[in-house]
Amino acid sequence: MRLYHNPLSSNARRVQLTAQLLGIELELVHVDLASDADRRRLQEINPNGKLPVLTDGDFVLWESCAIMQYLCDLAPEQTLYPLDPRARADVNRWMFWACQHFAPAVGVLTYENIWKGMMGRGEADPRELARGERDLLQFGAVVDAQLAGREWMAGQSLTLADLALAPSFMYIERGRLPLERFPNLMAWWARIQALPVWQNTSTVW
Ligand SMILES: N[C@@H](CCC(=O)N[C@@H](CS)C(=O)NCC(=O)O)C(=O)O
């Protein structure tokens, strides 16, 4: 199986974390999002022009969380994606939530504080910073409350719920994400960082 990715992509990292924990080897294909030729090739396999994309023979799959779930479904005996309907629904809930709410709030701050300057698009916009901070504080409080008395987002073992959320923290410092005030969240983040698989997938940047 091939994974089209870029080491700076938090969405691609979700998939790499999952694959490594499942012991599934992926052939990594580096996509340079600044290259027109790479962009054209990416568009051919994902009409959204976004990473990550998985190919498994003639099967092409995009959307990071769908890829994570597919990999788990290929792995017998895996524990990252429970089979029990309620436990699975709980994990699904946090995966959708991470994509729909948490990651976009992080994205506002990482764009304003990191990518905008790198792309020569000017200074951070104070209104956008305020919007990102407001949203992230709201959603950070939800994570903090969920982690009270729990080691991991969906209970006492690591699941796709954690792996969907964790890559949003890649840029906690550079993106100036205001999350230090949440003790349960920060303790979870320390547990994530201690995972060998987190260290194996870390970017040099
Ligand atoms: N919902 C998608 C989001 C994919 C996405 O936004 N990927 C980013 C990299 S982290 C990307 O390819 N951005 C390039 C662009 O938007 O032009 C997923 O979870 O896979």
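Moving on to the overall build of the protein. What the protein contains, in helices and strands, is 8 helices and 4 strands. Secondary structure of the protein in N-to-C order comes out as β-α-β-α-β-β-α-α-α-α-α-α. For the protein, the C-alpha radius of gyration of 17 Å lies close to 17 Å, the compact-globule estimate for 205 residues. Referenced to the eigenvectors of the C-alpha coordinate spread, the extents of the protein come out at roughly 50 × 45 × 25 Å. For the protein, buried positions account for 48% of its 205 residues. Considering only contacts in the protein between residues 6 or more positions apart, those separated by 24 or more positions represent 65%. Carbon and sulfur atoms make up 51% of the accessible area of the protein, which totals about 10,700 Å².

Turning our attention to the packing of aromatic side chains. Aromatic ring pairs are reported here in terms of the distance separating the ring centres and the angle at which the planes meet. Overall, the coordinates contain 9 aromatic pairs when judged by the stated rule. Pairing Trp94 with Trp97 gives two aromatic rings, centres 5.2 Å apart and planes at 80°, and the pair type is edge-to-face. Separated by 3 residues within a single helix, Trp94 and Trp97 lie in helix 4 (residues 85-118), roughly one turn from each other. When the ring of Trp115 is compared with that of Tyr171, the centres are 5.3 Å apart and the planes differ by 85°; the resulting orientation is edge-to-face. Of this pair, Trp115 sits in helix 4 while Tyr171 sits in the loop between helix 6 (160-165) and helix 7 (183-194), and the two are 56 residues apart along the sequence. Cluster of aromatic residues (ring-pair linked, three or more members): Trp94, Trp97, Phe102, Phe139, Phe169, Trp188, Trp189 and Trp198. If you follow Arg88 out to its NZ or CZ, it ends over the ring of Tyr81, 3.6 Å from the centre. Taking the ring centre of Trp152 as reference, the NZ or CZ of Arg191 above it sits at 5.8 Å.

The immediate surroundings of the ligand are formed by Ser9, Ser10, Asn11, Arg14, Leu33, Arg39, Lys50, Leu51, Pro52, Glu63 and Ser64. At 3.5 Å, a side-chain N or O of Asn11 approaches a nitrogen atom of the ligand. Contact between the ligand and Leu51: a nitrogen atom at 2.8 Å from a main-chain N or O atom of the residue. Coverage of the ligand by the protein chains reaches 72% of its 510 Å² of free accessible surface. When residues of the shell around the ligand are assigned to their parent elements, the largest contribution, 3 residues, is made by helix 1 (residues 10-22).

Along its sequence, the protein is carved into domain 1 (2-73) and domain 2 (85-200). Placing the centre of domain 1 and that of domain 2 at their C-alpha centroids yields a distance of 20 Å. Facing the 14 residues of domain 1 at the interface are 17 residues of domain 2. In this assembly, domain 1 packs against domain 2 so that about 1,500 Å² is buried in total across both faces, 67% of it on carbon and sulfur atoms. Linking domain 1 with domain 2 are 1 salt bridge. The closest approach of N and O atoms between Arg88 and Asp73, which form a salt bridge, is 3.5 Å. For the interface between domain 1 and domain 2, the tally reads 6 residue pairs in polar contact (both at pLDDT 80 or more). Contributions of two or more residues to the side of domain 1 that touches domain 2 are made by helix 1 and helix 3 (64-74). A total of 7 residues in the side of domain 1 that touches domain 2 trace back to one element, the largest contributor, which is helix 1.

Rules behind the numbers
Residues numbered from 1 in each chain as written. Predicted model: local features only at pLDDT ≥ 70, side-chain atom pairs only at ≥ 80, totals over all residues. Heavy atoms only, no water. Helix = DSSP H or I, 4+ residues; strand = E, 2+ residues; numbered from the N terminus. Rg over C-alpha atoms; globule rule 2.2 N^0.38 Å. Buried < 20%, exposed > 50% of the residue type's maximum accessible area, 1.4 Å probe, protein only. Contact = heavy atoms within 4.5 Å. Areas by Shrake-Rupley, 256 points an atom, 1.4 Å probe, with all protein chains shown as cover. Phe/Tyr/Trp six-rings, centres within 6.5 Å; stacked < 30°, edge-to-face > 60°. Lys NZ or Arg CZ within 6 Å of the ring centre and 35° of its normal. Near = heavy atom within 4 Å. Polar contact = N/O pair within 3.5 Å; in protein donor to acceptor, adjacent residues only side chain to side chain. Domains from an automatic or database assignment. Buried area = accessible area lost by both parts, 1.4 Å probe. Salt bridge = Lys/Arg side-chain N within 4 Å of Asp/Glu carboxyl O.

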